[in-house]
Amino acid sequence: MAKFSHTKQEKKLMERMANVYGCIICRKELGVFTPASIHHFRHGVGMSQRSRLFIPLCYLHHQSQEHGIHGGTKSWIKKHGTEQELLDYYYATVEEDYQTEP
């Protein structure tokens, strides 16, 4: 299977998610902004492939062995919800945040 590149629009969205919106879990569960990196969904794609679906997660919720999705997916989902549920939350809340941008 050929690798793909993200479109300019997807890259812009990923940058905005990570740098403006921040970690979706920190925002949802703690009400705070934390800078994030992009986590690509793994469900339905091979481990070496990247999905076109993604969410912003801070280091703790993304890569930490104890608390990150890559440290234990099943327990992480039980605690925080599925990747799709978090993406739905992002789209449900993003508009209200950006309405006040200058």
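These numbers were taken from a predicted model, which means no experiment stands behind them.

### A short note on the overall build of the protein
Summing up its helical and strand segments, the protein has 5 helices and 2 strands in all. Ordered by position from N to C terminus, the α and β elements of the protein give α-α-β-β-α-α-α. Counting only contacts in the protein whose residues sit at least 6 apart along the sequence, the fraction spanning at least 24 positions is 54%. Summed over its atoms, the accessible surface of the protein is roughly 6800 Å², and 53% of this surface lies on carbon and sulfur atoms.

### Topic: the packing of aromatic side chains
Under the definition given, this model contains 2 aromatic pairs. Between the aromatic rings of Tyr21 and Tyr90, the centroid separation amounts to 4.7 Å while the plane-to-plane angle is 75 degrees, which identifies the pairing as edge-to-face. In this pair, Tyr21 sits in helix α1 (residues 8-21) while Tyr90 sits in helix α5 (residues 83-98), placing the two residues 69 residues apart along the sequence. Residue classification places Tyr90 among the buried positions, given a relative accessible area of 2%.

### Remarks on the environment of His39
With respect to the helices, strands and loops of the structure, His39 is situated in strand β1 (residues 37-40). Taking the C-alpha atoms as reference points, His39 and Leu57, separated by 18 residues in sequence, lie 6.4 Å from one another. Looking at His39, its side chain comes within polar contact range of the side chain of His70, at 3.5 Å. One polar contact links His39 to Glu83, side chain to side chain, over a distance of 2.5 Å.

### Section: the environment of Ser5
With respect to the element layout, Ser5 can be found in the segment before α1. On the accessibility criterion, Ser5 (60% relative accessible area) is exposed. Distance in space between the C-alpha atoms of Ser5 and Arg52 is 9.4 Å, their sequence separation being 47 residues.

What counts, and at which threshold
- Residues numbered from 1 in each chain as written.
- Predicted model: local features only at pLDDT ≥ 70, side-chain atom pairs only at ≥ 80, totals over all residues.
- Heavy atoms only, no water.
- Helix = DSSP H or I, 4+ residues; strand = E, 2+ residues; numbered from the N terminus.
- Contact = heavy atoms within 4.5 Å.
- Areas by Shrake-Rupley, 256 points an atom, 1.4 Å probe, with all protein chains shown as cover.
- Phe/Tyr/Trp six-rings, centres within 6.5 Å; stacked < 30°, edge-to-face > 60°.
- Buried < 20%, exposed > 50% of the residue type's maximum accessible area, 1.4 Å probe, protein only.
- Polar contact = N/O pair within 3.5 Å; in protein donor to acceptor, adjacent residues only side chain to side chain.

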